[in-house]
Amino acid sequence: MAAQKEQKKLTPPYVPYRSFANSLNKLSERGLPGRIDPSVFSGQSGSTIAALLAAYKYLGLMSESGAPNDMLKKLVDTDEKDRGPLIKELLRTRYTFLQHPHIDLNDATTQQIESAFREQGIGGSTITKAVSFFLAAVAAAGVAVSKHIKAPPPKRNGAPRAKRAKSRGLSDVEAPVTPAAPQRPAQSAAELLLAKFPDFDPSWPEDIKTKWFESFSSLRGAMLKEES
């Protein structure tokens, strides 16, 4: 029960699974450090670093202070093509909805999986990303999954152009067919701040590193709240 309560405080991985697998491969090449912190993932964007750290924490691969555990050591010491059994173990132990309440992946539906993730306090586009990571991990583990399960599509704002035209009394033929010029989605205040956030510098003093990580985590938390 205590482990279940701890899981609910953490955000399920929403980074692309490929980025997660690549991070393990790089640790395998460079050697496992004594602490997993932002500098370990240098060269990645700020948002990817935050998502990777969140994934490592949710999957229980490191302590609160960043110390890697035995499972992370096993993953790093194992070739990617042979990690299936280890990923399967992570799925079984860390995604508690596979146990309580039990969801059978052989006959589950997209809505069941989506509801299980929503119960962990996430929503918006993060749901799509989190389910996508989960399904990719399931595939990497070689676990059979129902064909009824797919990542839910991102929520779209506004009615389709043709439907809006019909609501004004126009027929399908009369509805405008010229495609609108693509527009970049409006960024939230948190996203704008994150884009301007200074890159992590391993040469900083320890107190500056700590303040950077605390501020970065706080800003990423604000982004998740805006999405939900």
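A quick note: this is a predicted structure, and the numbers were derived from the prediction, not measured. Position numbers for residues count from 1 along each chain, tracking the sequence in the order it is written. In keeping with the model being predicted, local features are shown solely for residues with a pLDDT of at least 70 and side-chain atom pairs are shown and tallied solely at 80 or more, while totals for entire chains, interfaces and linings include all residues. To get the side-chain values, take all heavy atoms of the structure and skip hydrogens and water.

## Focus: the overall build of the protein chain
Moving on, step 1. Across its full length, the protein chain carries ten helices and zero strands.
Moving on, step 2. Seen in sequence order, the protein chain has helices and strands lined up from the N terminus as α-α-α-α-α-α-α-α-α-α.
Moving on, step 3. Exposure classes here rest on a 1.4 Å probe applied to the protein chains alone. A residue is buried below 20% of its type maximum, exposed above 50%, and partly exposed in between. Every one of the 228 residues in the protein chain was classed for burial, and the buried ones make up 38%.
Moving on, step 4. Any two residues having at least one pair of non-hydrogen atoms within 4.5 Å are treated as being in contact. Considering only residue pairs separated by 6 or more positions, the protein chain has 64% of its internal contacts joining residues 24 or more positions apart. The way it works is that DSSP assigns letters per residue, a run of H or I at least four long becomes a helix, a run of E at least two long becomes a strand, and they are numbered from the N terminus.

## Observations concerning the nonpolar core
Moving on, step 1. Counting 49 residues, the largest nonpolar core has Phe20, Tyr56, Tyr95, Phe117 and Phe134 as the members making the most contacts within it.
Moving on, step 2. Mapped by element, the contributors of at least two residues to this core are α2 (17–30), α3 (46–58), α4 (70–77), α5 (84–94), α6 (110–118) and α7 (125–141).
Moving on, step 3. Broken down by element, the residue count for this core peaks at nine residues, all from α7.
Moving on, step 4. Discounting residues that sit within four places of it in the chain, Phe20 has contacts with Val15, Leu52, Tyr56, Leu59, Leu61 and Phe133. By nonpolar core we mean a set of buried residues, namely Ala, Val, Leu, Ile, Met, Phe, Trp, Tyr and Cys, connected to one another through side-chain atoms within 4.5 Å.

## Points about the packing of aromatic side chains
Moving on, step 1. Each pair of aromatic rings taken from Phe, Tyr and Trp, with Trp reduced to its six-membered ring, is defined by centres within 6.5 Å and is described as stacked if the planes are under 30 degrees apart, edge-to-face if over 60, and tilted in the remaining cases. Tallied over the full model, the rule gives twelve aromatic pairs.
Moving on, step 2. For the pair Phe41 and Tyr56, a centre-to-centre distance of 5.5 Å together with 70° between the ring planes defines the contact as edge-to-face. Separated by 15 residues along the polypeptide, Phe41 in the loop between α2 and α3 and Tyr56 in helix α3 bring together distant segments of the chain.
Moving on, step 3. Accessibility expressed as a relative area gives 4% for Phe41, which makes it buried.

## Examining the pattern of salt bridges
Moving on, step 1. Only one rule defines a salt bridge in this text: a Lys or Arg side-chain nitrogen within 4 Å of an Asp or Glu carboxyl oxygen. Tallied over the entire structure, the rule returns five salt bridges.
Moving on, step 2. Across the salt bridge formed by Arg18 and Glu80, the nearest N and O atoms sit 2.7 Å from each other. Of the two residues, Arg18 sits in helix α2 while Glu80 sits in the loop between α4 and α5, which places them 62 residues apart along the sequence.
Moving on, step 3. By relative accessible area, which is 43% here, Arg18 ends up partly exposed.
Moving on, step 4. Its salt-bridge partner being Arg118, residue Glu114 comes within 2.9 Å of it at the nearest N-O pair. Remark: Arg118 and Glu114 occur in helix α6; sequence separation between them is four residues, near one turn of the helix.
Moving on, step 5. Looking at Glu114, the relative accessible area reads 13%, which means it is buried.
Moving on, step 6. A relative accessible area of 37% means that Arg118 is categorised as partly exposed.

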